[in-house]
Amino acid sequence: MPRMAARPSAVLAQLPAGPGVYRFRDAGNRVCYLGRAVNLRRRVASYWGDLRERTHLRRMVDATVRIEALQCDSEPETAWLERTLLAARMPPANRTVGGAEVPVYIRLDDRPDPPVLTVEHDPLGPGLIFGPYLGGARVRLAVSGIRRVWPVHYAGRRLTGATRAMAEIRGVAPSDGVELAVAVTATLRRKRAYVARVSDELLRRREHAARGLAFELAGRIDAEIAAVQWIAADCKTASLRPTAHPVAAWRDGVLVRLTVEDGFVIDWQVRACSERAAADDVVRTPRRWAEFAARNAELAARLRAAESR
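Residues numbered from 1 in each chain as written. Predicted model: local features only at pLDDT ≥ 70, side-chain atom pairs only at ≥ 80, totals over all residues. Heavy atoms only, no water.

### Considerations on the sheet that holds strand β6 (residues 128-134)
Then comes step 1: Across the sheet, which stays open at both edges, the three strands sit in the order β5-β4-β6 with antiparallel pairing between neighbours. Each having just a single partner strand, β5 (116-120) and β6 make up the two edges of the open sheet. Each strand axis lies, on average, 20° off the axis of its neighbour in the sheet, ignoring direction.
Then comes step 2: Across five bridges, the pairing between strand β4 (residues 103-109) and β5 is antiparallel. Across the sheet, residue Asp-109 finds its bridge partner in β5, namely Val-116. (Pairing = 2+ DSSP bridges. Helix = DSSP H or I, 4+ residues; strand = E, 2+ residues; numbered from the N terminus. Axes fitted to C-alpha atoms, helices over the stretch in contact; angles between N-to-C directions.)

Written as structure tokens, this is what we have:
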């Protein structure tokens with residue numbers, strides 16, 4: 001099989017301009033490198049540009065004979081997929097085990113007075129746990145934005161002087177705690193109407209701050225909006241549910257099969273396969289994964305076909 005450096009354009013043209021993970025294989029079918037991208041086509045094409053002093057990447061590109069990719073539905077899904085794949089198996093050209101971000105969780109505990117909404121590193125303990133999410137700083141910004149719209153932390157009878165004054169300014173009474181906790185829970189469970197309400201309200205407050213020349217506050221709220229969208233994005237590739245099931249799809253003689261363990265994708269395989277041989281894995285694929293698997297089987301088939309051009 002000729003090296004990819006001699007004929008990348010036909011393969012690169014098949015890559016989507018959306019988020020996903022990619023990997024390079026050498027002539028021995030070994031994975032040399034795995035990465036993630038906001039735009040798969042642009043990111044992968046960059047390796048055939050000027051790599052300057054990054055000699056380890058240049059050697060990797062020279063050894064590449066095949067490009068494989070999985071297209072994801074969101075950047076958080078892409079980040080989780082890269083993390084779990086790298087944690088399971090570290091290719092030689094990669095240098096960071098498990099990606100850059102740290103996994104965190106959001107805890108809503110309505111037992112204290114007032115209720116608390118916090119970012120935690122441990123999913124165990126009292127209250128409702130949401131997540132996991134990647135990136136502690138980003139998730140803290142999301143919690144800040146949610147608390148700005150649903151100020152559950154002001155709905156208590158044992159407030160100090162300063163927080164009692166803020167509760168009065170915000171129009172929050174102790175009896176609002178249950179209603180606000182319900183709204184926070186629905187937002188963290190990605191209920192569209194509640195996520196949209198948070199986003200719309202934060203947009204309104206950002207515009208109000210900008211009109212008042214409070215540009216630092218406007219910038220902070222803008223970051224909160226992006227962070228809320230990050231945690232609200234659907235993320236099949238990471239779950240607290242301890243599931244283990246096949247995820248597979250077949251297209252034009254190519255089978256794509258993902259290995260899911262404890263709710264996380266830890267590997268994927270791409271191989272030539274007859275439709276009959278693929279049938280058992282395909283039929284057992286959960287409905288939630290069917291479109292994702294079918295889309296990526298189609299992508300894999302296009303990439304394989306482009307190799308011979």
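### Looking at unusual backbone geometry
Then comes step 1: With omega at 5°, the peptide bond leading from Gly-131 into Pro-132 counts as cis.
Then comes step 2: Relative to the helices and strands, Pro-132 resides in strand β6.
Then comes step 3: One non-glycine residue with positive phi stands out, namely Asn-29, at about 65°.
Then comes step 4: Note on placement: Asn-29 falls in the loop between β1 (20-25) and β2 (31-37).
Then comes step 5: Of note in the backbone geometry, Asp-262 takes a positive phi value of approximately 55° without being a glycine.

### What to know about the packing of aromatic side chains
Then comes step 1: For the structure on display, the rule yields 10 aromatic pairs.
Then comes step 2: Measuring from centroid to centroid gives 5.6 Å for Tyr-22 and Phe-24, while their planes differ by 40°, and the two rings are tilted. With respect to burial, Tyr-22 and Phe-24 carry one shared label: buried.
Then comes step 3: Taken together, the ring pairs connect Tyr-22, Phe-24, Tyr-33, Tyr-47 and Trp-48 into an aromatic cluster.
Then comes step 4: Its guanidinium or amino end placed over the ring of Trp-268, Arg-23 lies 3.6 Å from that ring's centre, counting from NZ or CZ.
Then comes step 5: Positioned above the aromatic ring of Trp-230, the side-chain terminus of Arg-138 is 3.6 Å from the ring centre. (Phe/Tyr/Trp six-rings, centres within 6.5 Å; stacked < 30°, edge-to-face > 60°. Buried < 20%, exposed > 50% of the residue type's maximum accessible area, 1.4 Å probe, protein only. Lys NZ or Arg CZ within 6 Å of the ring centre and 35° of its normal.)

### Observations concerning the nonpolar core
Then comes step 1: Within the largest apolar cluster, 37 residues are counted, with the highest numbers of intra-cluster contacts made by Ile-106, Leu-188 and Ile-231.
Then comes step 2: Elements supplying a minimum of two residues to this core: α4 (75-88), β4, β5, β6, α5 (136-149), α7 (177-188), α8 (192-211) and α9 (215-232).
Then comes step 3: Sorting elements by how many residues they give to this core places α9 first, with six residues.
Then comes step 4: Residues in contact with Ile-231, not counting those within four places in the same chain, are Ile-106, Tyr-133, Val-139, Ala-142, Ile-146, Leu-188 and Arg-190. (Core = buried A, V, L, I, M, F, W, Y, C linked by side-chain atoms within 4.5 Å. Contact = heavy atoms within 4.5 Å.)

### Some thoughts on the pairing of β5
Along any regular strand the residues' side chains alternate between the sheet's two faces.
Then comes step 1: Taking every second residue as pointing to the same face, the buried face of β5 carries Leu-117 and Val-119, while none of Val-116, Thr-118 and Glu-120 on the other face is buried.
Then comes step 2: The antiparallel pairing of β4 with β5 creates a hairpin that spans six residues between the two strands.

### A closer look at the pattern of salt bridges
Then comes step 1: This structure, assessed with the given rule, holds 27 salt bridges.
Then comes step 2: Note that Arg-23 and Glu-68 form a salt bridge whose closest N and O atoms lie 2.6 Å from each other. One end of the pair, Arg-23, is in strand β1; the other, Glu-68, is in strand β3 (residues 66-71), and 45 residues separate them in sequence. Neither residue differs from the other here; Arg-23 and Glu-68 are each classed as buried.
Then comes step 3: Between Asp-281 and Arg-284 there is a salt bridge, with its nearest N and O atoms 3.1 Å apart.
Then comes step 4: Three or more residues are tied together by salt bridges with common partners; here these are Asp-73, Glu-77, Asp-234, Lys-236, Arg-288, Glu-291 and Arg-295. (Salt bridge = Lys/Arg side-chain N within 4 Å of Asp/Glu carboxyl O.)

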